[in-house]
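Chain residues, written in single-letter form:
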Amino acid sequence: QVQLVESGGGLVQTGGSLRLSCAASGIIFSIYAMGWYRQAPGKKRELVAVITSGGSTNYADSVKGRITISRDNAKNTVYLQMNSLKPEDTGVYYCNAERSEIIQYWGQGTQVTVSS
């Protein structure tokens with residue numbers, strides 16, 4: 001059974017920082033691309049950052065320079081370090097594990113709220 005369990009969300013003031021974690025089980029973590037997506041109220045889910053199995057990263061333009069994705073294959077965990085947070089970063093953050101377009105899994109999400 002595949003599980004992706006996010007943690008680390010919460011309420012933070014503008015300019016603050018949070019570190020999200022996503023612990024995976026039931027998959028060969030090292031061969032999956034791992035991503036973080038977010039969904040704000042009334043908006044579509046959007047990609048925040050992704051890290052491939054080889055360690056290459058890609059970020060949404062809106063978060064470049066503020067947010068860093070990393071992975072620890074020994075711990076089956078992917079992280080999202082978020083600095084200089086803005087109110088527009090508010091949303092539910094979802095962890096995604098993707099092997100292919102048809103083989104992917106989602107976590108249950110963790111709420112991030114940035115107050116102005």
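Residues numbered from 1 in each chain as written. Predicted model: local features only at pLDDT ≥ 70, side-chain atom pairs only at ≥ 80, totals over all residues. Heavy atoms only, no water.

Caption draft 1: Spatial organisation of unusual backbone geometry. A positive phi angle, near 50 degrees, is found at Asn76, a position not held by glycine. Structurally, Asn76 can be placed in the loop between strand 7 (67–72) and strand 8 (77–82). (Helix = DSSP H or I, 4+ residues; strand = E, 2+ residues; numbered from the N terminus.)

Caption draft 2: Molecular detail of the packing of aromatic side chains. Per the stated rule, a full pass over the model turns up two aromatic pairs. Ring geometry for Tyr32 versus Tyr105: centroids 6.3 Å apart, planes at 45 degrees, classification tilted. Of this pair, Tyr32 sits in the loop between strand 3 (18–25) and strand 4 (33–39) while Tyr105 sits in strand 10 (residues 103–106), and the two are 73 residues apart along the sequence. Residue Tyr32 is classed as buried on the basis of its relative accessible area of 8%. For Tyr105, a relative accessible area of 29% puts it in the partly exposed group. Between Tyr37 and Trp106 the ring centres are 4.9 Å apart and the planes differ by 65 degrees, which places this aromatic pair in the edge-to-face class. (Phe/Tyr/Trp six-rings, centres within 6.5 Å; stacked < 30°, edge-to-face > 60°. Buried < 20%, exposed > 50% of the residue type's maximum accessible area, 1.4 Å probe, protein only.)

Caption draft 3: Quick peek at the sheet that holds strand 7. Spatial strand order, 1-3-8-7: four strands in an open sheet with antiparallel pairing. Strand pairing shows two members of the sheet lacking a second neighbour, strand 1 (3–7) and strand 7, which therefore form its edges. Averaged over all neighbouring strand pairs, the angle between strand axes comes to 15 degrees, with direction disregarded. Across six bridges, the pairing between strand 3 and strand 8 is antiparallel. Bridge pairing in strand 8 places Arg19 opposite Gln81. (Pairing = 2+ DSSP bridges. Axes fitted to C-alpha atoms, helices over the stretch in contact; angles between N-to-C directions.)

Caption draft 4: Seen up close, the state of the cysteines. Per the stated rule, a full pass over the model turns up one disulfide. Note that Cys22 is cross-linked by a disulfide to Cys95, the S-S spacing being 2.1 Å. On the sign convention where negative means left-handed, the S-S torsion of about -80 degrees between Cys22 and Cys95 marks this disulfide as left-handed. Here the residue Cys22 occupies a position in strand 3, and Cys95 occupies one in strand 9 (residues 91–100), the gap between them amounting to 73 residues. Cys95 gets classed as buried once you look at its relative accessible area, which sits at 0%. (Disulfide = S-S within 2.5 Å.)

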